[in-house]
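Fold and contact review
Here is how the chains run, residue by residue.
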Amino acid sequence: MGDLFLVRHGETEWSRSGRHTGSTDVPLTEHGRDEARRLLPLIRPLRVGAALVSPSQRARETAELIGLHEVRVDAGLREWDYGAYEGVTTVDIQRTRPGWFLFTDGVAPGPPDHPGETVEQVGERADRVLTQVDAAHADTDGCVVLVAHGHFLRVLTARRLGLPASAGALFQLATGTLCRLGTEHGRPVIAAWNVRPGS
């Protein structure tokens, strides 16, 4: 099990305003592009064996801006399907569901093309991505980099550490940051979290 680097895409208008952004393909803001570019000095020294990126334009542009040009687009890295909560802020949801919390209360059903996912379904998807990560580590002596989304990467981190998917709630993840999941005595650990140059 080699090092796994996680990159959350840079800021979008929706991430800045707190709107849940699953399937809506919102582009990066100029600030989001700057956030991504600032990660380049952290990515450049890595010996990348494989890089996987979400299909969304915000993730693909982030990957390009951090210098990852040989990437595999993987639909498994897409963000949580928020169902009826797509584009809605937590504050607005809590007006009708006081105390609502995504990781424990889930989403309201959405339209047929985006019905919503449970935290367990997101966890199963993360497990499938981690199987691909392990296969990539077996095929190369370099690290693996994933460029994706905040809630999905939080769930993936929980699953990598052997925790239930809902434990992703414990790992706050900012836009335009780099995280490293490594090992200690053969067991997965968080080696770095929410890293930006100079932090």
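Our subject in this report is the structure included herewith. (Residues numbered from 1 in each chain as written. Predicted model: local features only at pLDDT ≥ 70, side-chain atom pairs only at ≥ 80, totals over all residues. Heavy atoms only, no water.)

**Here we look at the environment of R33**
In plain terms, the rule: Elements are defined by DSSP. Helices are runs of H or I of four residues or more, strands are runs of E of two residues or more, and each kind is numbered from the N terminus. Polar contact is defined as a pair of N or O atoms within 3.5 Å, subject to the rule that within protein one atom must be able to donate a hydrogen and the other to accept it, and that residues adjacent in sequence are counted only when both atoms are side-chain atoms.
Note that R33 resides in helix 2 (residues 30–43). Sequence separation between R33 and G106 is 73 residues; the distance between their C-alpha atoms is 31 Å. Side-chain polar atoms of R33 contact the side chain of E61, separated by 2.7 Å.

**Here we look at the pattern of salt bridges**
Between side chains of opposite charge, a pair can form as their charged atoms come close. Applied cut-off: The term salt bridge refers to a side-chain nitrogen of Lys or Arg lying within 4 Å of a carboxyl oxygen of Asp or Glu. Residue exposure (1.4 Å probe, protein chains only): buried if accessible area is under 20% of the type maximum, exposed if over 50%, otherwise partly exposed.
Within the structure shown, the criterion is met by 15 salt bridges. Between R16 and E13 there is a salt bridge whose closest N-O contact spans 2.4 Å. Taken together, the residues span about one helical turn, with R16 and E13 both in helix 1 (residues 13–17) at a distance of three residues. In this structure E13 comes out as partly exposed when scored by relative accessible area, which is 43%.

**Looking at helix 2**
An α-helix turns once per 3.6 residues; consequently, residues spaced three or four apart project the same way. Let me state the cut-off plainly: Given the number of residues in a helix, its expected span is that number minus one, multiplied by 1.5 Å. The arc refers to the directions leading from the helix axis to the C-beta atoms. For this analysis, residues touch if any pair of their heavy atoms sits within 4.5 Å.
End to end, helix 2 covers 20 Å across 14 residues, agreeing with the expected 20 Å (1.5 Å per residue, within 8%). By the burial criterion, the buried members of helix 2 are G32, E35, A36, L39 and I43. The arc that holds every buried residue of helix 2, seen down its axis, measures 95°, which confines them to one face. In the core, the buried residues of helix 2 are packed alongside strand 1 (4–8), helix 3 (57–65), strand 5 (178–184) and strand 6 (187–195).

**Notes on helix 7 (residues 150–160)**
Most of helix 7 sits inside the fold, with 10 of its 11 residues counted as buried. Inspection of helix 7 places G150, H151, F152, L153, R154, V155, L156, T157, A158 and R160 among the buried residues, and these make up the whole buried set. Contacts from the buried residues of helix 7 go to strand 1, helix 5 (102–105), helix 6 (119–139), strand 4 (143–148), strand 5 and strand 6.

**A look at the nonpolar core**
To keep it simple, the criterion reads: Note on terminology: a nonpolar core comprises buried Ala, Val, Leu, Ile, Met, Phe, Trp, Tyr and Cys residues joined through side-chain atoms within 4.5 Å.
Counting residues in hydrophobic clusters, the biggest one holds 31 residues, and the most contacted among them are L4, W80, L146, F152 and L156. Secondary structure elements with two or more residues in this core: strand 1, strand 2 (48–53), helix 5, helix 6, strand 4, helix 7 and strand 5. Tallying contributions element by element places helix 6 first for this core, with seven residues. When near neighbours in sequence (up to four residues on either side) are disregarded, W80 contacts G22, L102, F103, V107, E117, T118, V119, V122, R125, H151 and V155. Core analysis: the second largest hydrophobic core is formed by 17 residues, V7, L28, L39 and A51 among them.

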